[in-house]
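Report on the structure
Each chain is listed here by its residues.
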Amino acid sequence: MIEFNKVSYSYDKNSGNAVDELSMSIEQNEWIALIGHNGSGKSTLAKLMNGLLLPTSGTISVDGLSLSEDTYWEIRKKVGMVFQNPENQFVGTTVMDDVAFGLENLGVPREEMVKRVSAALKEVDMYSFKDQAPNRLSGGQKQRVAIAGILAIMPEVIIFDEASTMLDPNGKQELLETIKGLRKTKKMTIVYITHDLSEAAYADRIIVMNEGRQWMSGKPREVFQYQNELSEIGLEIPLISSIYAGMNEHGVKLEKEPLHMKELVDQLWKLSSKM
Amino acid sequence: MNQSFIIGQYVPKESPVHALDARTKLVIVFFYVLVTFSAETLSSYLILFLFAAFGAVMSRVHPLFIVKGLRPIWFIIILTFILHLFIQRQGEVLFSIFGYAIYDQAVIQAAIISSRLFLLILMTTLLTLTTTPISITDAVETLLKPLKSLKLPIHELALMMSISLRFIPTLIEETDKISKAQASRGIDFRTGKWRDRLKAIFALLIPLFISAFKRAEDLAMAMEARGYRGDYGRTKFRELKFTSLDLIVFLIFIIIVIGFFYFNG
Amino acid sequence: MEIVFENVDFIYQPNSPFSHQALKDISLTIKDGDYAAFIGHTGSGKSTLLQHLNGILRPTSGTVRIGDFELTTKKNNEIKSLRRKVGVVFQYPEHQLFEETVEKDILFGPKNFGMDVEEAKHNLPTILEEVGLPTDVLQRSPFELSGGQMRRVAIAGVLITEPNVLILDEPTAGLDPRGRKQIMSLIDSLHKKKRMTIILVTHHMEDVLRHANQAFVLNKGELVMQGEPVEVFQEEERLRKIGLGIPEELQLINQLKQTLGLPITYLHQSPSELGKDIAKALHAGGNR
């Protein structure tokens, strides 16, 4: 779906590369978590994926289309993006107006727009808020509206650029549940950027960024085994994983590395019934 | 802020006036204002007043709410009346007060000018009370559309207006937040030497501007990511509907205007 | 300085159709040298309560006492000296920076409070070291710095007035794990070494459990629970009902107790120590 071939990007000539000779590919329908500490290049990477930035060198292709100044409008139809600050991406004066914004830009006829706006709002469970002004919504609700605005355009990829960073725990939960719900009903590639590894645990694959390069890539269970190495580059594995690491050192071996509490408790229950 | 001050506020209600197309209301208010400036006789004022009162009643906004809301304006209207009473020196002397002569023409002039002011404010307030700011923006955009051929940036102007409306509550909240933060650092916005107070204002304005710029930057990027490329090939979601109600109101207004010029001589 | 709330009510825009009671009959005591945490979600009254601590807001009825200062419905003329003693780090404090240089911005508070600016200047290197900034940032513009560094400058600007009480509203919001850890350990050292009274508002229940010695739970303007964090978090059900969670490690301990009958007590273990304890309990065979 998305291919990077030796991509570099620097914000200005005097500073180093924010993304450095990066090659990688993201498959269709994959849920990727892109992790790294602040300043590791992960947000730059996201902005390269839909042509908000163009690479200094190297090539990027999305769905077979090579990214350039001539194609980025096409690519933005395929790649939607939810940003960090819920307040600063809300363009419309009401929820409905905001969801319609992308459709207006693409010149979709009005009757079609009305249908798509309602459908998208129902998908993120915000339909009952359709006439509300943004200042009446919580952060989590605003992010759901942002997702609806993207769903209405029917893209193939949605990038979440630290979309949970400014949310409270309930808002984070709302966002993750919405994404999980979408994955059940639609085929869609998700790129989820975060520095919170317990959120990354839900992804199919984690790509760890450090100093503008891909530092590691693998399934969450594989990545979380590198507790010490990750903490050296400023990341922290989920609490459950560190607890399991402690158990592991003291002779408790489970079939698979637990990613969250339920997996740990269930496996311990199985294990203890054998003992 | 005084919450009972109603100019520019929108009061959501279901009324025929609310249901009117914003363009209808805008055009009528525009011509009403023009006509009011040419009003000279008492009966023509009466006609104008009746039309405004009719609109106010039909809007279903409580009359007391309007009267109270316009309270700060009454002061200006009365001041205008009194000023004209003393400045005008035509006609016959009616009586004198504190050694100042009051002329009969002055009384008439003062009454005319202050009723004119009152009617103008009443009508425009009625417009904003019954029309959301965003509909007014839409109406302005469609009404000014012909000017696009003169290369005037009508779409951009309307977008700017609607985004400003959207961010007013955000900026108010931000101002409150920053002023509290600076107050906690020992700043006093209310008392002290003027130099200190100027400095205090800077401590508020600079962070506010920086954050507004940051927001603008974020917003521009979010808009671009959602395929915004100016007016190019754009359709509109919000629509203004011109219904038979609008037609009827226009007809009534035309009759009013004809009646007005008949009585205005 | 001891902080006491006595039957404090606060109403926004009283006697108007928009009136809204944000605090209802709050009575509480935070002792000198405490590390208190306030929990509750958006709209629970947390920030309204905090703003009473340095006189940004005054109670609609009731009394707030902070050391010798007393805040009632009447205007208090000594508010400035109160604000010097009670430092507040607001949420996203980097948004309050405005001076041309970091040095000027940090010294903004001391100037306003009429402190000896030369002496404050003398203390700059120590403060910078505390918050983890190199001294060469002093002459730079705060806006050239990274977000995390700007936040440290803002915190330094509060610490320089040597407050006795430090209030922090979500000081780690938006930071990555490393940044979070650094800020939390900075607060710890201010509490332990400088014996400051700390008042923390946070959504991170783990931080409350690990760092605070008093927890206050607010819901819809009322103080619904208070006590030592471990005790408060015992009442998982009650907290869930008002939309709050408990720290993950306590959740795990509870679940292991219920499903496997493992007796594990939380004694501020690190995650890997907790894993070790669970392993031991498992080997002992549980209580089934």
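Residues numbered from 1 in each chain as written. Chains lettered and ligands numbered in written order. Predicted model: local features only at pLDDT ≥ 70, side-chain atom pairs only at ≥ 80, totals over all residues. Heavy atoms only, no water.

As annotated in an unreviewed UniProt entry, chain C is Energy-coupling factor transporter ATP-binding protein EcfA2 from Allobacillus saliphilus. As recorded by UniProt, the Function (unreviewed entry) comment attached to chain C reads in full: "ATP-binding (A) component of a common energy-coupling factor (ECF) ABC-transporter complex." (UniProt positions renumbered as here; feature names shortened; annotations may be inferred.)

Under an unreviewed UniProt entry, the name given to chain A is Energy-coupling factor ABC transporter ATP-binding protein, and the organism recorded is Allobacillus saliphilus. Per UniProt, the comment on chain A under Subcellular location (unreviewed entry) is "Cell membrane".

Moving on, we get to the sheet that holds strand E8 (residues 197–201) of chain C. Residue and element names in this part refer to chain C. Strand order in this open sheet of six strands is E6-E7-E8-E3-E9-E10, and the pairing throughout is mixed. Taken across any chain shown, the strands that pair with only one partner, and hence form the sheet edges, are strand E6 (86–89) and strand E10 (222–227). Direction aside, neighbouring strands of the sheet carry axes that sit 15 degrees apart on average. By the bridge criterion, four bridges tie strand E3 (residues 35–39) to strand E9 (residues 214–219) in an arrangement that is parallel. Counterpart to alanine 36 in the pairing with E9 is glutamine 214. Those strands touched by helix H7 (residues 177–193) are E3, strand E7 (165–169) and E8, and its axis lies near 135 degrees from that of E3. (Pairing = 2+ DSSP bridges. Helix = DSSP H or I, 4+ residues; strand = E, 2+ residues; numbered from the N terminus. Axes fitted to C-alpha atoms, helices over the stretch in contact; angles between N-to-C directions. Contact = heavy atoms within 4.5 Å.)

Turning our attention to the pattern of salt bridges. Inspection of the entire model under this criterion finds 43 salt bridges over all chains. Residues glutamate 112 of chain A and arginine 116 of chain A are paired through a salt bridge, measuring 3.0 Å at the closest nitrogen-oxygen approach. One end of the pair is glutamate 112 of chain A and the other is arginine 116 of chain A, both in helix H4 (residues 110–123) and four residues apart, which spans about a single turn. One salt-bridge network, held together by shared partners, links Asp97 of chain A together with Asp138, Glu141, Lys236 and Arg238 of chain B. (Salt bridge = Lys/Arg side-chain N within 4 Å of Asp/Glu carboxyl O.)

Counting 73 residues, the largest nonpolar core has Leu268 of chain A together with Leu166, Phe233, Leu252, Leu256 and Ile278 of chain C as the members making the most contacts within it. Considering every element that reaches this core, the biggest residue donor is helix H6 (residues 147–159) of chain C, with seven residues. When residues of this core are assigned to domains, at least three map to each of domain 1 (33–53 + 79–237) and domain 2 (247–288) of chain C. Setting aside chain neighbours within four positions, we find leucine 166 of chain C in contact with Gly87, Val89, Val158, Leu159, Leu190, Met196, Thr197, Ile198 and Ile199 of chain C. (Core = buried A, V, L, I, M, F, W, Y, C linked by side-chain atoms within 4.5 Å. Buried < 20%, exposed > 50% of the residue type's maximum accessible area, 1.4 Å probe, protein only. Domains from an automatic or database assignment.)

For interface size, the figure often reported is the accessible area lost on association. The partner chain B presents 17 residues to the 22 residues of chain C that form the contact. Buried surface at the junction of chain C and chain B, summed over both partners, amounts to about 1800 Å²; 59% is from carbon and sulfur atoms. Looking only at chain C, the three residues that lose the most surface to chain B are Gln96, Phe98 and Phe108 of chain C, adding up to 30% of its buried area. On the surface where chain C and chain B come into contact, there are two salt bridges. One salt bridge connects lysine 199 of chain B with glutamate 99 of chain C, and the closest N-O pair in it is separated by 3.2 Å. Among the elements of the structure, helix H2 (79–85) and helix H4 (108–112) of chain C are those that each provide at least two residues to the side of chain C that touches chain B. (Buried area = accessible area lost by both parts, 1.4 Å probe.)

Turning our attention to the environment of methionine 24 of chain A. Residue and element names in this part refer to chain A. With respect to the secondary-structure elements, methionine 24 resides in strand E2 (residues 19–26). Sequence separation of methionine 24 and leucine 65 is 41 residues, and the distance between their C-alpha atoms is 16 Å. If we skip the residues at most four places from it in the chain, methionine 24 touches Ile2, Glu3, Phe4, Leu45, Met49, Ile207 and Gln214.

Before going further, it helps to spend a moment on the packing of helix H3 (residues 95–105) of chain A against helix H5 (residues 139–151) of chain A. Residue and element names in this part refer to chain A. Packing of H3 against H5 leaves a shortest axis separation of 7 Å and a crossing angle of 40 degrees. Between H3 and H5 lies a crossing of right-handed hand. Contact residues: H3 offers Val95, Asp98 and Val99, while H5 offers Val145, Ala148 and Gly149. Broken down by class, the residue content of the contact of H3 with H5 amounts to four nonpolar, one polar and one charged. (Left-handed = near helix turned anticlockwise from the far one by under 90°. Nonpolar A, V, L, I, M, F, W, Y, C, P; charged D, E, K, R; others polar.)

So, on to the interface of chain B and chain A. Taken together, the contact between chain B and chain A spans 28 residues of the former and 34 residues of the latter. Of the roughly 2900 Å² buried between chain B and chain A on both sides combined, carbon and sulfur atoms contribute 55%. It is Arg166, Arg226 and Phe237 of chain B that lose the most area in chain B upon contact with chain A, and together they represent 32% of the buried surface on that side. Counting the contacts that link chain B with chain A gives six salt bridges.

Next up on the list: the sheet that holds strand E6 (residues 79–82) of chain A. Residues and elements named next belong to chain A. Across the sheet, six strands lie side by side as E6-E7-E8-E3-E9-E10; this open sheet has mixed pairing. What marks the edges here is a single partner per strand, and that holds for E6 and strand E10 (213–218). Shown here is a sheet whose adjacent strand axes are inclined to one another by a mean of 20 degrees, direction ignored. The pairing of E6 with strand E7 (residues 157–161) spans four bridges and is parallel. Its bridge partner being in E7, methionine 81 is matched across the sheet by isoleucine 159. Each of E6 and E7 touches H5; the most contacted strand, E6, lies at about 170 degrees to it. Relative to the sheet, helix H6 (residues 169–185) contacts strand E3 (31–35), E7 and strand E8 (189–194), its axis offset from that of E8 by approximately 165 degrees.

Before going further, it helps to examine the UniProt feature "domain: ABC transporter" (unreviewed entry) in chain A. As annotated by UniProt and renumbered to match this structure, "domain: ABC transporter" (unreviewed entry) occupies residues 2–236 of chain A. Secondary structure content for residues 2–236 of chain A is 36% helix and 24% strand, and the end C-alpha separation is 28 Å.

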